[in-house]
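The lines below spell out each chain.
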Protein chains: 2
Amino acid sequence: MIEFVKTCNRLSPLDEVASSELENKLKTRSLKKDQHLLTRTSICNHLFFIDSGLTKTYFNNGEKEFIMRFFREGEMFTVLDSFITQQPSTYAIKALEATEVSYIEQKDLEELCRKHHCIETFFRKLVSIAAVNMMKRISEMLEENASTRYAHFLKDNGHLLQRISLGDLASYLGITQVSLSRIRSQR
Amino acid sequence: MIEFVKTCNRLSPLDEVASSELENKLKTRSLKKDQHLLTRTSICNHLFFIDSGLTKTYFNNGEKEFIMRFFREGEMFTVLDSFITQQPSTYAIKALEATEVSYIEQKDLEELCRKHHCIETFFRKLVSIAAVNMMKRISEMLEENASTRYAHFLKDNGHLLQRISLGDLASYLGITQVSLSRIRSQR
DNA sequence: GTGATTATTTATCATTTGTAAAAAAACCGC
DNA sequence: GCGGTTTTTTTACAAATGATAAATAATCAC
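The rules behind these values
Residues numbered from 1 in each chain as written. Chains lettered and ligands numbered in written order. Predicted model: local features only at pLDDT ≥ 70, side-chain atom pairs only at ≥ 80, totals over all residues. Heavy atoms only, no water. Buried < 20%, exposed > 50% of the residue type's maximum accessible area, 1.4 Å probe, protein only. Helix = DSSP H or I, 4+ residues; strand = E, 2+ residues; numbered from the N terminus. Arc of directions from axis to C-beta. Contact = heavy atoms within 4.5 Å. Near = heavy atom within 4 Å. Polar contact = N/O pair within 3.5 Å; in protein donor to acceptor, adjacent residues only side chain to side chain. Nonpolar A, V, L, I, M, F, W, Y, C, P; charged D, E, K, R; others polar. Pairing = 2+ DSSP bridges. Axes fitted to C-alpha atoms, helices over the stretch in contact; angles between N-to-C directions. Core = buried A, V, L, I, M, F, W, Y, C linked by side-chain atoms within 4.5 Å. Buried area = accessible area lost by both parts, 1.4 Å probe. Salt bridge = Lys/Arg side-chain N within 4 Å of Asp/Glu carboxyl O.

Asker: Pulling in residues and values, what's your account of helix α4 (residues 106–115) of chain A?
Answerer: For α4 of chain A, the full list of buried residues reads Q106, D108, L109, L112 and C113 of chain A. Buried residues of α4 of chain A fall within an arc of 160° about the axis and therefore sit on the same side. For α4 of chain A, exposure combined with an orientation more than 90 degrees from the buried face picks out K107, R114 and K115 of chain A. Each element contacted by the buried residues of α4 of chain A is listed here: α2 (16–25), β3 (46–52), α3 (80–85), β8 (99–105) and α5 (117–143) of chain A together with α5 (117–143) of chain B.

Asker: Tell me about the protein's contact with DNA strand D, and please be specific about residues and values.
Answerer: Neighbouring DNA strand D are 18 residues; A146, S179 and R182 of chain A together with L166 and S181 of chain B lie closest to it. Here the atoms of DNA strand D within 4 Å of the protein split so that 55% fall in sugar or phosphate, with bases taking the remainder. A146 of chain A places a polar main-chain atom, nitrogen or oxygen, 2.9 Å from a phosphate oxygen of DNA strand D. Residue R184 of chain B places a side-chain N or O atom 3.4 Å away from a phosphate oxygen belonging to DNA strand D. Elements with a contribution of two residues or more to the surface near DNA strand D: α8 (177–185) of chain A together with α7 (166–173) and α8 (177–185) of chain B. With six residues, α8 of chain B is the largest single contributor of residues to the surface near DNA strand D. When its residues are assigned to classes, the surface near DNA strand D shows five nonpolar, nine polar and four charged.

Asker: Any chance you could break down the sheet that holds strand β2 (residues 36–38) of chain B for me, citing the residues and the numbers?
Answerer: All names here are of chain B. The strand order β2-β7-β4-β5 describes an open sheet built from four strands, whose pairing is antiparallel. Two strands in the sheet have a free side with no partner beyond their single neighbour: β2 and β5 (65–72). Across this sheet, the average inter-strand angle for adjacent strands is 30°, counted without regard to direction. Where strand β4 (residues 54–60) meets β5, seven bridges bridge the pair, whose relative direction is antiparallel.

Asker: Residues and numbers for the nonpolar core, please.
Answerer: In this structure, F4, L22 and I119 of chain A together with F4, L22 and I119 of chain B are the most contacted members of the largest nonpolar core, which totals 92 residues. Among residues more than four places away in sequence, those in contact with F4 of chain B are L22, L26, L47, F48, F49, M76, S102, Y103 and I104 of chain B.

Asker: For the protein's contact with DNA strand C, give the residues involved together with the corresponding values.
Answerer: Every one of the 18 residues lining DNA strand C counts as a neighbour, but L166 and S181 of chain A together with A146, S179 and R182 of chain B are closest to it. Q177 of chain A is positioned with one of its side-chain polar atoms (N or O) 3.5 Å from a phosphate oxygen of DNA strand C. If you list the elements that add at least two residues to the surface near DNA strand C, you get α7 (166–173) and α8 of chain A together with α8 of chain B. Split by residue class, the surface near DNA strand C holds five nonpolar, nine polar and four charged.

Asker: Please set out unusual backbone geometry residue by residue, giving values where relevant.
Answerer: Residues and elements named next belong to chain B. Residues other than glycine seldom take positive phi values, yet T41 does so here, at roughly 80°. As for its placement among the helices and strands, T41 is situated in the loop between β2 and β3 (46–52). Positive phi, normally seen in glycine, also occurs at Q86, with a value near 55°. Note that Q86 resides in the loop between α3 (80–85) and β7 (92–95).

Asker: Can you explain the interface of chain B and chain A? Please cite residues and give values.
Answerer: With 35 residues of chain B at the contact, the number on the chain A side is 35 residues. Ranking the residues of chain B by area buried against chain A places R124, M135 and L142 of chain B at the top, with a combined share of 24%. Where chain B packs against chain A, one counts four salt bridges. Measuring nitrogen to oxygen at the nearest pair gives 3.4 Å for the salt bridge that ties R124 of chain B to E110 of chain A. At the junction of chain B with chain A, the criterion picks out twelve residue pairs in polar contact (both at pLDDT 80 or more).

See below:
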């Protein structure tokens, strides 16, 4: 079974028919480093799975860039607001390394959700996990200062530190790169 | 049809059987001002709907309090991480006014989700909307300073301003009450 | 390798936010 | 209405973060 479908099954078991119909809908795409998977103002019509590589989902306000999340191999994601509302995305997705993604079209997934209850259940759980992750992020941003958030990131995502630039990490933490550099130096 | 079920149908149409089975599972509870709907360390076993009143979902770190969200009449919510994982909640829910809630038990909802595809679809959409709201919150917290976040809150939730204390609003914005008072004075 | 480009650190100063304490205002029970 | 309680504002000072510029360090193209 292909990795995408395995990951779905791990989250919520799919019956055989659903698994194979899902697998039949999948496509793949290769991205070079710095290439966009999704640009701002275009509609996010896909649910992605990273077979290998690393991406960031981000936006910018004209001056600064802000990173919503990094996604690495084995992770499944989309830009949820655009995906659901089918409105142009305010977020863009860019590959931070050479990256291979598998994906399914939004309308195909919607159709599979209608046809197979188990796929709807899977998708519900996927969205739930995303929501829980965001709750944690909000809690951290409320409770912790930049220095603690950095320490927290190291603890949870230390392995990513080698793969992302400090500028990107600062954009994720919501501080300037200078400020992050300062925090790193006082330890 | 009862308000809870109407709101579900508005989000995602339920067939008649599902609607009536859902309605049969509902219970209600009255809360006085300052009474807890959920305490920290207990498992959130309910999906709530506010018929009237106002609540806050919050946590504290021993010293300060932080507010995840306010929910007012007509809104549906739960503490998602506890609800899904059935682990003790790190968040508590308290009524800010005399409040009437309707709710369904987690296990009843799970059962209805299994039985009625349309209820699973409704629940998926409910969680999706919650996730989209949290995306917006994270974006704002990254991009905007406290002063702008306050202005933004006024714009989006001005009607709530009369109903919540400034201390609570500060806890929601992630700043101290003194800081909020300072922001308010310079306009 | 070498020079150019990009990323990171350091330094300085301005601004924002936090802390603590007190004053003022609003609210509540009787 | 009065006294006590809670909420909000004000003040003064400390700490954290931002902005800008310059200095190092690392990376990349050739």
